[in-house]
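Fold and geometry: a report
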Amino acid sequence: MRLAFVEDFRLALVVGDRVYPIPGARGARDPYRAQERMARLIAEFPRRRSQLEAHIRRAQADPGRTTPVEKARLRAPLPRPGKLICAAVNYLEFGQLPPAEQDCFLKAPTTVIGPGETIVLPDAQATIFHHEAELAVVIGKRASKVPPEKAMEHVFGYTCFMDISARGLNPNGRLSFFLGKCWDTFGPMGPWIVTADEVPDPHNLQVRLWVDDQLRHDYNTSDMAHKIPQLIAFASRVCTLEPGDVIACGTNHQGIGPVQDGETVTMEIERIGRFSVKVRDPLKRSWPKGIDTEFARRVIASARR
Ligand code: MN
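Presented here is a report on the structure given in the accompanying data block.

What counts, and where the lines are drawn
Think of each chain on its own: its residues are numbered from 1, step by step along the sequence as written. Per-residue local features of the predicted model are confined to residues with pLDDT of at least 70, and side-chain atom pairs are confined, for both listing and counting, to 80 or more; whole-chain, interface and lining totals are unaffected and use all residues. Excluded from the side-chain calculations are hydrogens and water; all other atoms, namely the structure's heavy atoms, are used. Donors, by definition, are the N, O and S atoms found within 2.8 Å of a metal, the threshold being 3.2 Å for Na, K and Ca, and water is not counted, so a site can look incomplete. Runs of H or I in DSSP of at least four residues are treated as helices and runs of E of at least two as strands, each being numbered from the N terminus. Summary of the burial criterion: residues with accessible area below 20% of their type's maximum are buried, those above 50% are exposed, and those between are partly exposed, where the area comes from a 1.4 Å probe applied to protein chains only. Note on pairing: DSSP must find at least two bridges between two strands before they are called paired. Any two residues whose heavy atoms approach within 4.5 Å are treated as being in contact. In this text, buried Ala, Val, Leu, Ile, Met, Phe, Trp, Tyr and Cys residues form a nonpolar core when linked through side-chain atoms within 4.5 Å. Residue ranges for the domains trace back to a domain assignment, done automatically or taken from a database. We call Phe, Tyr and Trp rings a pair once their centres come within 6.5 Å, taking the six-membered ring for Trp, and we label the pair stacked below 30 degrees between planes, edge-to-face above 60, and tilted otherwise.

**Remarks on the coordination of the manganese ion**
Bound to the manganese ion are the protein donor atoms Glu132 (OE), Glu134 (OE) and Asp163 (OD), situated 2.0 to 2.2 Å from the metal. Sequence positions of the residues that donate to the manganese ion give the spacing E-x1-E-x28-D. You can see Glu134 sitting in strand 11 (residues 133-139) and its partner Asp163 sitting in the loop between strand 12 (155-162) and strand 13 (165-167), a full 29 residues away along the chain. Asp163 carries the same exposure label as Glu134, and that label is buried.

Structural data, given as structure tokens:
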């Protein structure tokens, strides 16, 4: 099943290329309230599933109650996740690296934007702003100190996530995840959540990202270093995960590249979906358009040191 927010954060199901509003779902102007509603639906999903399936059958018999997905304004499916945990250096970079020691960082919930919205580059002296296309895991059930063999029971589903990153903002020469990752709009997410039953093997999904028509990331999640059970075990050892929290699995840096003013960034994960956002830079900075091969090489070199 595909769970979405449309228009003013109204809960909906997406079936084929149609949007089915969930009966009784009200809009929420406040993204925090919307988050709460999606989190509740996720937590109650096992009980509500048959009711939602009955709703789909009724709507299929009466297509007037549905709208084409291309006419709907899709919103971020988890617009203010309580925790947005991102894996750091978590790919083997096409098998070129041994797994790095496990680590994660947090992005602010306020980084999240949805399909059709705009990444705004901040007035900060970064050397470059990069896209990172990532598979994101949506937590379905509270998880605290979960062993890897039980971890997948806590997965509700998956969505697409861009971990937009500012480079070179390192006060006192120290890498700052706050200045690198937490700027407003630096967490595009969408187009919806696909429930785990529709993704039989999350470790075999092609992830692609384009800037305008130029393909950048094109990698498979089979190259992930620490797999989803390890990510959940690691994160839940530190902090309790709640329904509606998100763990982004990291990126393969070999397709990384700049985002800059006027561009459209599109990402797609097979079986999950595709969405686009725009980029605005009030300072109109520019970088060579294409994969940042120099940075990609440096990721491999620094990991091998
Ligand atoms: Mn990342």
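Let us keep going from here.
**Some points on the sheet that holds strand 13**
The antiparallel open sheet is built from three strands, whose spatial order is 13-10-18. Of all the strands in the sheet, the pair left with one neighbour each is strand 13 and strand 18 (257-258). Across two bridges, strand 10 (residues 128-131) lies against strand 18 in antiparallel orientation. Residue His130 lies in a different strand from strand 18, and its bridge partner there is Pro258.

**A word on the environment of Val112**
In this structure, Val112 sits in strand 8 (residues 112-113). The class for Val112 is buried, based on a relative accessible area of 7%. Separated by 99 residues in the primary sequence, Val112 and Leu13 place their C-alpha atoms 21 Å from one another. If near-sequence neighbours (up to four positions away) are discounted, Val112 is found in contact with Ala76, Leu78, Pro79, Arg80, Pro81, Leu84, Gly187 and Met189.

**Let's talk about the nonpolar core**
In terms of nonpolar packing, the biggest core is built from 59 residues, with Leu135, Ile228, Ile247, Met267 and Ile272 touching the most fellow members. Counting only domains with at least three residues in this core, you end up with domain 1 (2-74) and domain 2 (78-303). Ile42, Cys86, Phe105 and Ala136 belong to the second-largest nonpolar core, a separate cluster that totals 33 residues.

**Observations regarding the packing of aromatic side chains**
Using the criterion set out here, one finds six aromatic pairs in the structure. Relative to Phe156, the ring of Phe45 lies with its centre 5.2 Å away and its plane at 85°, an arrangement referred to as edge-to-face. Of the two residues, Phe45 sits in helix 1 (residues 31-61) while Phe156 sits in strand 12, which places them 111 residues apart along the sequence. Consider the rings of Phe105 and Phe177, whose centres lie 4.6 Å apart with planes at 15°: the pair is stacked. Here Phe177 lies in helix 3 (residues 177-181) and Phe105 lies in strand 7 (residues 104-107), a separation of 72 residues in the sequence. On the accessibility criterion, Phe105 (8% relative accessible area) is buried. By relative accessible area, Phe177 is classed as partly exposed at 32%. The rings of Phe129, Phe186 and Trp287 are connected pair by pair, giving a single aromatic cluster.

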